[in-house]
Amino acid sequence: MDKGILDYALNHKYTLAFAAGFATAVIGVMLLKSDAVKEITDKGLDTVMTAKNDIEETFQDVNDDAEDIIIDVNAKTKRIIDITDDE
């Protein structure tokens, strides 16, 4: 490596750091605007929405089953209370 380049880099650290940060930002914007990234994010969002809908359906089924169990328990309890009251 050329000693002149190394000396220049050591004397201008902050300028090189700024240039590296700027280059990183430009490359990041280019990557985020690319079709590949858009396709990946669309697939990811689709997967998340599908999982969300599946979880909501499962939760609704569990909720319905719990309500049915509570209704059955209350009906059995009422029958037990009614039978003991008649005696």
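The structure displayed is predicted, hence computed values, not measured ones.

Observations concerning the overall build of the chain
For the chain, the helix and strand inventory stands at three helices and zero strands. The proportion of buried residues among the 87 residues of the chain is 0%. When the accessible surface of the chain is summed, it comes to about 8000 Å², and 65% of that surface belongs to carbon and sulfur atoms.

Thoughts on the pattern of salt bridges
Scanning the model with the defined rule gives two salt bridges in all. Lys 52 is the partner of Glu 56 in a salt bridge, and the nearest nitrogen-oxygen pair spans 3.1 Å. One end of the pair, Glu 56, and the other, Lys 52, are both in helix 3 (residues 35–86), four residues apart, so they sit about a helical turn from each other. Judged by relative accessible area, which is 42%, Glu 56 ranks as partly exposed.

Description of the confidence of the model for the chain
Detailed reading of the predicted coordinates is not advisable wherever pLDDT is low. Averaged over all residues, the pLDDT of the chain equals 85, while 87% of them reach at least 70. Predicted confidence in the chain is weakest over helix 1 (residues 3–11), with a mean pLDDT of 76, and strongest over helix 2 (residues 13–32), with 90.

Describing a nonpolar patch on the surface
Residues Phe 18, Phe 22, Val 26 and Met 30 make up a contiguous nonpolar surface patch of roughly 470 Å² in combined accessible area. Among the secondary structure elements, Met 30 is positioned in helix 2. Take Met 30: its relative accessible area is 57%, and that puts it in the exposed class.

Definitions and cut-offs
Note that residues are indexed from 1 along each chain, following the sequence as it is written. Only residues with pLDDT of at least 70 get local features here, since the model is predicted, and only at 80 or more are side-chain atom pairs given and counted; chain-wide, interface and lining totals rely on the full set of residues. Excluded from the side-chain calculations are hydrogens and water; all other atoms, namely the structure's heavy atoms, are used. Under the DSSP-based scheme used, a helix requires at least four consecutive residues in state H or I and a strand at least two consecutive residues in state E, with every element numbered from the N terminus. Each residue's exposure class comes from its accessible area (1.4 Å probe, protein chains only) as a fraction of the maximum for that residue type: buried when under 20%, exposed when over 50%, partly exposed otherwise. Note on areas: Shrake-Rupley, 1.4 Å probe, and residue coverage restricted to the protein chains presented here. The salt bridge criterion pairs a side-chain nitrogen of Lys or Arg with a carboxyl oxygen of Asp or Glu, the two atoms within 4 Å. A residue's pLDDT is the confidence the predictor assigns to it, expressed on a 0 to 100 scale. Patch membership needs two things, relative accessible area over 30% and no salt bridge, and members are linked within 9 Å if like-charged or within 5 Å if nonpolar (Val, Leu, Ile, Met, Phe, Trp, Tyr).

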